[in-house]
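# Notes for the structure review
Residue strings, one per chain:
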Amino acid sequence: MPDSLSITDNRTGKTIEVSVDGHGAFPASELKKLGLLSFDQPLLATATARSAITFIDGEAGILRYRGYPIEQLAEKTSFLEVAYLLAYGELPTAAQRSVFEAAVLGAQVDTARIRKHVESFPAGSHPMSVLISGYAALGAAHQEAKAAVHDGEARKAALPTQLAETLQLGAYAIAASIGGTTGATSGATFAEQFLRTSGVGAEQLEVFARALEVLFILHADHELNAGTNAMRAIGSAETDAYHSLAGASAALYGPLHGGANEAVLKMLAKIGDVKNVPDFIEHVKHRDEKLMGFGHRVYKNFDPRATVIKSVVDEVLAVSGPDPLLGVAQELEKIALEDEYFVSRKLYPNVDFYSGIAYKAIGFQPAAFTVLFAVPRTIGWLSHYDEMMAGEFKITRPAQVYIGSDERSVPANRG
Ligand code: CMC
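Residues numbered from 1 in each chain as written. Predicted model: local features only at pLDDT ≥ 70, side-chain atom pairs only at ≥ 80, totals over all residues. Heavy atoms only, no water.

On to the overall build of the chain. The number of helices and strands found in the chain is 18 helices and five strands. Scaling as 2.2 N^0.38, a compact globule of 415 residues should have a C-alpha radius of gyration of about 22 Å, and the chain matches this with 23 Å. Over its C-alpha atoms, taken along the principal directions, the chain stretches across nearly 70 × 70 × 55 Å. Residues counted as buried form 46% of the 415 residues belonging to the chain. Counting only contacts in the chain whose residues sit at least 6 apart along the sequence, the fraction spanning at least 24 positions is 71%. Working note: accessible area of the chain is about 20,300 Å², and carbon and sulfur atoms make up 54% of it. Between the centroid of the 37 positive side chains of the chain and the centroid of its 48 negative side chains there is a distance of 5 Å. (Helix = DSSP H or I, 4+ residues; strand = E, 2+ residues; numbered from the N terminus. Rg over C-alpha atoms; globule rule 2.2 N^0.38 Å. Buried < 20%, exposed > 50% of the residue type's maximum accessible area, 1.4 Å probe, protein only. Contact = heavy atoms within 4.5 Å. Areas by Shrake-Rupley, 256 points an atom, 1.4 Å probe, with all protein chains shown as cover. Lys, Arg positive; Asp, Glu negative; His and termini not counted. Charge placed at Lys NZ, Arg CZ, Asp CG, Glu CD.)

Structure below.
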């Protein structure tokens, strides 16, 4: 059977033949020959990249970075090894690892500038507002990033500084949101340095740092989600990496995406007690509420990140003490997984359902949660940006279906 697709426009009888590649993709622009557009606002069946970074099989609940299963990476590697893997395609050797770790954890960052940016926000500002705008502020300081758009070596050379700046920006934004002062910036791992810098988790630093390291690994990349799509779309205009990061993190902030982890904790707190769960589920089924932390565009069986997070939750609660909200979350999960509404729609707990309980046990406030997602996702965004810049692309400029009025004249008298 030829690897092609015949598309017949029944209005005209005209047929075109389009090639189909080994991944089942065809060049949708061929539809123009029939005067047709594919309408796909959520991009359900539209691929906008050929990427070698992350593989997901949503039906089977598989997530791999550069071929390595997420479960193995979470158990056996550090966040900076995963960052290296995403950016360079291979896990680092021992020598490469120590060079990369030293470059990130010891990077010369303009701390005064980042601190000034963070402190310029009024008390009560959401730390994601600080982070999003912080990327643009860093872009103003890094004029050389504009030349790096077309320079692969310069893009790679900038990675350690960009990760170190992200660490400081995120940690300071979190510290400021709880009225804290920014503390030491050293640490043996990325997560440990992050905790020390944000002034959170000092009571059980070793356990919390390893738990956060695993959470960072799980959040490092997830192929073409809304944030990464934004990164690529903005980058396609040849915008530099810092300003592209501002857009990607803004997309992540939404409650349907990375903002869901904060929304889950607020939802659990609102439910308050296990006995209120059945009522809440009824509200969800009547569409008065959404069960935050449930459902996923790609995973239709289970989210493999949620499975790993459950064991992280057990580890941190073992040292921080029990959290009654965990009981509420478990009851919600139990009822939802048996209820026809959720079963028929293939709705399962996603990465955001339990991560907030782990973050809370470490000592973070809900407003910090989306920052804790954005910080590790930055390496994913930068890796996609680099992959796109290294290949062929055109500016992402979708077509629209115009449904407004025909031409009309401004009336002479509008009195
Ligand atoms: N609670 C109740 N009903 C839901 C939920 C939910 N969380 N998610 C989906 N549905 C229903 C939805 O109403 C629809 O029902 P119907 O077919 O009767 O109209 C059906 O399930 C299919 O949902 P959809 O909206 O077409 O699915 P989508 O792929 O467009 O959206 C989603 C995916 C993640 C945005 C959505 O499931 C959602 O809003 N979940 C809650 C927010 C959340 O947890 N987001 C984090 C996602 S994972 C991490 C990340 O991406 O950052």
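Applying the stated rule across the entire model yields 12 aromatic pairs. Ring centres of phenylalanine 294 and phenylalanine 342 lie 6.1 Å apart, and the angle between their planes is 70 degrees; on these two criteria the pair is classed as edge-to-face. A residue pair is termed long-range when its members are at least 10 positions apart, and phenylalanine 294 in the loop between α13 (277–285) and α14 (304–320) and phenylalanine 342 in helix α16 (residues 340–344) qualify at 48 residues. Summarising the burial analysis for this pair, phenylalanine 294 and phenylalanine 342 share the class buried. Each member of the aromatic cluster is reached from another via a ring pair, and the members are Phe294, Tyr341, Phe342, Phe353 and Tyr354. (Phe/Tyr/Trp six-rings, centres within 6.5 Å; stacked < 30°, edge-to-face > 60°.)

In the vicinity of the ligand lie 22 residues, with His257, Arg287, Lys290, Leu291 and Arg297 positioned nearest. Between the ligand and phenylalanine 294 there is a distance of 2.9 Å, counted from a nitrogen atom to a backbone nitrogen or oxygen. Contact distances for the ligand include 2.9 Å between an oxygen atom and a side-chain N or O atom of asparagine 350. Isolated, the ligand exposes 930 Å² of accessible area, and the fraction of that covered by the protein chains is 74%. A breakdown of the residues in the shell around the ligand according to their chemical character gives 11 nonpolar, six polar and five charged. Looking at the shell around the ligand, you find at least three residues from each of domain 2 (68–256 + 368–373) and domain 3 (260–362). (Near = heavy atom within 4 Å. Polar contact = N/O pair within 3.5 Å; in protein donor to acceptor, adjacent residues only side chain to side chain. Nonpolar A, V, L, I, M, F, W, Y, C, P; charged D, E, K, R; others polar. Domains from an automatic or database assignment.)

Let's shift gears to the pairing of strand β1 (residues 4–9). When β1 meets strand β2 (residues 14–19), the two strands line up antiparallel, connected through six bridges. Bridging from a neighbouring strand, leucine 5 pairs with valine 18 of β2. Where β1 hands over to β2, the hairpin turn is made up of four residues, of which glycine 13 adopts a positive phi near 80 degrees. (Pairing = 2+ DSSP bridges.)

Let us now look at the environment of glutamate 289. Positionally, glutamate 289 belongs in the loop between α13 and α14. On the basis of relative accessible area, glutamate 289 is assigned to the partly exposed category, the value being 26%. Expressed as a C-alpha distance, the spacing of glutamate 289 and tyrosine 253, which sit 36 residues apart in the sequence, is 20 Å. Apart from the residues within four sequence positions on either side, glutamate 289 is in contact with Lys270, Phe280, His283 and Val284. A polar side-chain atom of glutamate 289 sits 2.9 Å from a polar atom in the side chain of lysine 270.

Our focus in this paragraph is the pattern of salt bridges. In total, this model carries 17 salt bridges according to the counting rule given. With its nearest N and O atoms 3.0 Å apart, the salt bridge here joins aspartate 240 to lysine 146. Placement of the pair is aspartate 240 in the loop between α10 (226–235) and α11 (241–253) and lysine 146 in helix α6 (residues 144–148), with a sequence separation of 94 residues. On the basis of relative accessibility, which here comes to 4%, the residue aspartate 240 falls in the buried class. Lysine 146 sits in the partly exposed class, given a relative accessible area of 42%. Between glutamate 192 and arginine 196 there is a salt bridge whose closest N-O contact spans 3.3 Å. Of this pair, glutamate 192 and arginine 196 both sit in helix α8 (residues 190–198), four residues apart, which is roughly one turn of the helix. (Salt bridge = Lys/Arg side-chain N within 4 Å of Asp/Glu carboxyl O.)

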